[in-house]
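Tertiary structure, described
Listed below, chain by chain, are the residues.
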Amino acid sequence: MVQQKIVIKVQVRCDKCRSKAMETAADTDGVISVSLQGKYKDTVVVTGDGVDSASLAKRLGKKLGHASLETVEEMKEKPGVDNDEAKG
């Protein structure tokens, strides 16, 4: 499958809310990495393989009060990295 980058804006009021957002996103199947971005650390950026973005946004909304799905985009492989050529 192709990796995807999912950006979800969440409502955070404190450090505990940020921690809860990270834990909830990390517990989702297929997630490879999770980070918080933005001026107020209110944007969750998830990189994963086969992650259901709608259900992830819904779970974050239930845990934190509000979450909105901003973007979902496929991550392209870096140019110059070709597995077939590397094998030989």
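Residues numbered from 1 in each chain as written. Predicted model: local features only at pLDDT ≥ 70, side-chain atom pairs only at ≥ 80, totals over all residues. Heavy atoms only, no water.

Another point: the packing of helix H1 (residues 15–26) against helix H2 (residues 53–64). At a closest axis distance of 10 Å, the pairing of H1 and H2 adopts a crossing angle of 150 degrees. Comparing their axes, H2 and H1 come out roughly antiparallel. Note that H1 runs across H2; the crossing there is right-handed. Only Leu56, Arg59, Leu60, Lys63 and Leu64 of H2 make contact with H1, whose side of the interface consists of Cys17, Lys20, Ala21, Thr24 and Ala25. For the contact of H1 with H2, the residue count by class is six nonpolar, one polar and three charged. (Axes fitted to C-alpha atoms, helices over the stretch in contact; angles between N-to-C directions. Helix = DSSP H or I, 4+ residues; strand = E, 2+ residues; numbered from the N terminus. Parallel < 35°, antiparallel > 145°, perpendicular 65-115°, else oblique. Left-handed = near helix turned anticlockwise from the far one by under 90°. Contact = heavy atoms within 4.5 Å. Nonpolar A, V, L, I, M, F, W, Y, C, P; charged D, E, K, R; others polar.)

This next bit is on the pattern of salt bridges. Counting across every chain of the model gives two salt bridges. With a closest N to O distance of 3.3 Å, lysine 9 and aspartate 42 form a salt bridge. Of this pair, lysine 9 sits in strand S1 (residues 3–10) while aspartate 42 sits in the loop between strand S2 (31–37) and strand S3 (43–49), and the two are 33 residues apart along the sequence. On the accessibility criterion, lysine 9 (35% relative accessible area) is partly exposed. In this structure, aspartate 15 engages arginine 18 in a salt bridge whose closest nitrogen and oxygen atoms are separated by 3.0 Å. A residue pair is termed a helical-turn pair when its members lie 3 or 4 positions apart in one helix, as aspartate 15 and arginine 18 do in helix H1 at three residues. (Salt bridge = Lys/Arg side-chain N within 4 Å of Asp/Glu carboxyl O. Buried < 20%, exposed > 50% of the residue type's maximum accessible area, 1.4 Å probe, protein only.)

A separate point is unusual backbone geometry. Even without being glycine, lysine 41 reaches a positive phi, approximately 55 degrees. Residue class for lysine 41 comes out partly exposed when judged on its relative accessible area of 41%.

Let us now look at the pairing of S2. As judged from the six bridges shared by S2 and S3, these two strands associate in the antiparallel manner. Directly across from serine 33, in S3, lies its bridge partner threonine 47. Connecting S2 to the antiparallel partner S3 that follows it, the hairpin turn spans five residues, and glycine 38 within it adopts a positive phi of roughly 100 degrees. (Pairing = 2+ DSSP bridges.)

Assignment of secondary structure puts threonine 47 in strand S3. The class of threonine 47 is buried, set by a relative accessible area of 14%. Spatially, the C-alpha atom of threonine 47 lies 9.8 Å from that of glutamate 73, the residues being 26 residues apart in sequence. Here threonine 47 is in contact with Gln3, Gln4, Val31, Ile32, Ser33 and Met75, once residues within four sequence places are set aside.

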